[in-house]
Amino acid sequence: MSKKFEYATAPLLIHATQQILNTWGDQGWELVQVVPGPNPEQLVAYFKREKV
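Here's a quick rundown of the structure. (Residues numbered from 1 in each chain as written. Predicted model: local features only at pLDDT ≥ 70, side-chain atom pairs only at ≥ 80, totals over all residues. Heavy atoms only, no water.)

### What to know about the side chain of Gln42
One can find Gln42 in strand β3 (residues 42-50). What Gln42 contacts, discounting residues up to four positions off in sequence, is Pro11, Leu12, Leu13, Ile14, Pro36 and Gly37. (Helix = DSSP H or I, 4+ residues; strand = E, 2+ residues; numbered from the N terminus. Contact = heavy atoms within 4.5 Å.)

### Focus on the packing of aromatic side chains
Under the counting rule described, the total for this entry stands at two aromatic pairs. Here Trp24 and Trp29 contribute two aromatic rings whose centre-to-centre distance is 5.6 Å and whose plane-to-plane angle is 65 degrees, an arrangement assigned as edge-to-face. The class of Trp29 is buried, set by a relative accessible area of 11%. Seen from their ring centres, Trp24 and Phe47 are 4.6 Å apart, and the 5 degrees between their planes marks the pair as stacked. Taken together, the residues span a long stretch of sequence, with Trp24 in helix α1 (residues 17-26) and Phe47 in strand β3 at a distance of 23 residues. Following the ring pairs from residue to residue traces out a cluster consisting of Trp24, Trp29 and Phe47. The aromatic ring of Phe5 is capped on one face by Lys48, whose charged end is 4.4 Å from the ring centroid. (Phe/Tyr/Trp six-rings, centres within 6.5 Å; stacked < 30°, edge-to-face > 60°. Buried < 20%, exposed > 50% of the residue type's maximum accessible area, 1.4 Å probe, protein only. Lys NZ or Arg CZ within 6 Å of the ring centre and 35° of its normal.)

### Topic: the nonpolar core
In terms of nonpolar packing, the biggest core is built from eight residues, these being Ala8, Ala10, Leu12, Ala16, Ile20, Trp29, Ala45 and Phe47. Secondary structure elements with two or more residues in this core: β1 (5-13) and β3. Ranked by residues supplied to this core, first place goes to β1 with three residues. Excluding residues within four positions of it along the chain, Leu12 makes contact with Thr17, Ile20, Leu21, Val34, Glu41, Gln42, Leu43 and Ala45. (Core = buried A, V, L, I, M, F, W, Y, C linked by side-chain atoms within 4.5 Å.)

### What about the environment of Lys4?
Inspection of the secondary structure assignment puts Lys4 in the segment before β1. Measuring from C-alpha to C-alpha, the distance between Lys4 and Val52 comes to 8.2 Å, with 48 residues separating the pair along the chain. Those residues in contact with Lys4 that lie beyond four places of it in its chain are Arg49, Glu50 and Lys51.

Below, the structure is given as structure tokens:
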């Protein structure tokens, strides 16, 4: 049986990146990619985790 995943996106503020990523990681989310956000002070993170 193949694995199934769910995905999420979240804004990353440059001054709180580590805290935000650790919070998502503690909830079982794996960081997939970070891309530029709508302004220079913001990034957007893409996460995935296996569905149970």
